Amino acid sequence: MNPSPPAGPRTLVAGIGNVFLSDDGFGVETARRLAERELPPDVEVVDIGVRGVHLAYQLLDGYDTLVLVDATARGEAPGTLYVIEHDIGAASPSPPAPALDGHRMTPDTVLALLGTLCAGTGGEPPRRVLVVGCEPASVEEGTGLSAPVSDAVPEAVRLIEELLHGGEPGESAPRATAGGISTRGETG
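Computed from a predicted structure; not experimentally measured.

With reference to specific residues and values, describe the packing of aromatic side chains.
Per the counting criterion, the structure on display carries 0 aromatic pairs. Looking at Arg74, its charged tip hangs above the ring of Tyr82, at a distance of 5.6 Å from the centre.

See the structure below:
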C-alpha cells in the first residue's frame with residue numbers, strides 16, 4: 001500500500017452489486033479477485049457493493065478514469081462480458097437531483113450524484129468512465145454466482161488488467177475472448 005496517492009492520472013476500479021442477489025454480486029467478486037493481483041500504482045480497486053453514495057464521495061478525491069464493474073443486463077447470453085464507455089457529455093447540463101436510496105443506486109444515479117457534488121464543490125468528475133459488465137443469469141434472492149457468471153469472473157479480471165496496462169479501453173470493435181465470452185465496445 002502506498003503512503004500517498006501517486007501523482008498524475010489515477011484510476012478507480014469499483015465493484016458494484018448486491019451479493020445477496022445472485023449474479024448481481026459479479027462486480028464485487030471481480031473487484032475482490034482483481035485486488036489480489038499486481039496492478040499499476042496509480043490504480044485503486046474498491047468493493048463498493050451497494051454503497052453508491054460512498055462511491056460518489058470517493059470520486060471527489062480526483063480520478064482521471066473510473067471503471068465500474070457490475071452485472072449489466074443487455075439481452076445476451078448469461079456470462080457475456082461488455083465494455084461500455086459512458087458518454088459523459090450526454091448528460092444534461094442540469095440533471096434532476098438523484099433519488100438517494102443508498103442501497104439501490106445504479107451507476108447512472110451515482111454519476112448524476114457525482115455531477116451534483118462536483119457542481120457544489122468545484123470538483124472534477126473522471127474524464128473517462130467505463131463499465132465492465134456481465135450479463136446475469138439471475139438477480140433473484142440468493143448467494144453465489146450462477147455458473148456462466150462465475151466462469152466469466154476470471155475473464156473479466158483479465159479484461160480489466162488489459163485495460164489498465166495500456167490497452168485502449170472502450171474500443172469500438174467487438175473482440176472474441178477465451179471461453180466463448182464476447183466483449184463488445186459500446187457507447188452507453
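Please set out the pattern of salt bridges residue by residue, giving values where relevant.
A full pass over the atoms with the stated rule returns 8 salt bridges. Across the pair Arg32 and Glu36 runs a salt bridge whose closest N-O atoms are separated by 3.0 Å. A relative accessible area of 42% means that Arg32 is categorised as partly exposed. By relative accessible area, which is 59% here, Glu36 ends up exposed. The shortest N-O distance in the salt bridge between Arg127 and Asp64 comes to 3.2 Å. Residue Arg127 is found in the loop between α3 (107-121) and β5 (128-134), and its partner Asp64 is found in the loop between α2 (52-59) and β3 (65-71); the two are separated by 63 residues along the sequence. Owing to a relative accessible area of 22%, Asp64 belongs among the partly exposed residues under this scheme. In this structure, a network of salt bridges that share partners links the residues Glu29, Arg32, Arg33 and Glu36.

Which residues make up the pairing of β3, and what values go with them?
For β3, the buried fraction is high: 7 of the 7 residues fall into the buried class. Neither face of β3 is left uncovered, since the one carrying Thr65, Val67, Val69 and Ala71 and the one carrying Leu66, Leu68 and Asp70 both have all their residues buried. For β3 and β5, the ladder comprises 7 bridges, and the chain directions are parallel. Across the sheet, residue Leu66 finds its bridge partner in β5, namely Val129.

Go over helix α1 (residues 26-35) with me, naming the residues and quoting the values.
Side chains of residues three or four places apart in an α-helix project in the same direction, reflecting 3.6 residues per turn. The element α1 is largely enclosed, with a buried count of 7 among its 10 residues. As for α1, its buried residues are in contact with β1 (11-16), β2 (43-49), β3, β4 (81-86), β5 and α4 (147-164).

Now, about the environment of Arg33: what can you tell me, with residues and values included?
Of note, Arg33 is situated in helix α1. The class for Arg33 is partly exposed, based on a relative accessible area of 28%. Between the C-alpha atom of Arg33 and that of Val153, which follows or precedes it by 120 residues, the distance is 8.3 Å. Residues within four places of Arg33 in sequence aside, it is in contact with Val153, Pro154 and Val157.

Quick notes on the rules
Residues numbered from 1 in each chain as written. Predicted model: local features only at pLDDT ≥ 70, side-chain atom pairs only at ≥ 80, totals over all residues. Heavy atoms only, no water. Phe/Tyr/Trp six-rings, centres within 6.5 Å; stacked < 30°, edge-to-face > 60°. Lys NZ or Arg CZ within 6 Å of the ring centre and 35° of its normal. Salt bridge = Lys/Arg side-chain N within 4 Å of Asp/Glu carboxyl O. Buried < 20%, exposed > 50% of the residue type's maximum accessible area, 1.4 Å probe, protein only. Helix = DSSP H or I, 4+ residues; strand = E, 2+ residues; numbered from the N terminus. Pairing = 2+ DSSP bridges. Contact = heavy atoms within 4.5 Å.

Interpretation in functional terms is not warranted from these geometric data alone.
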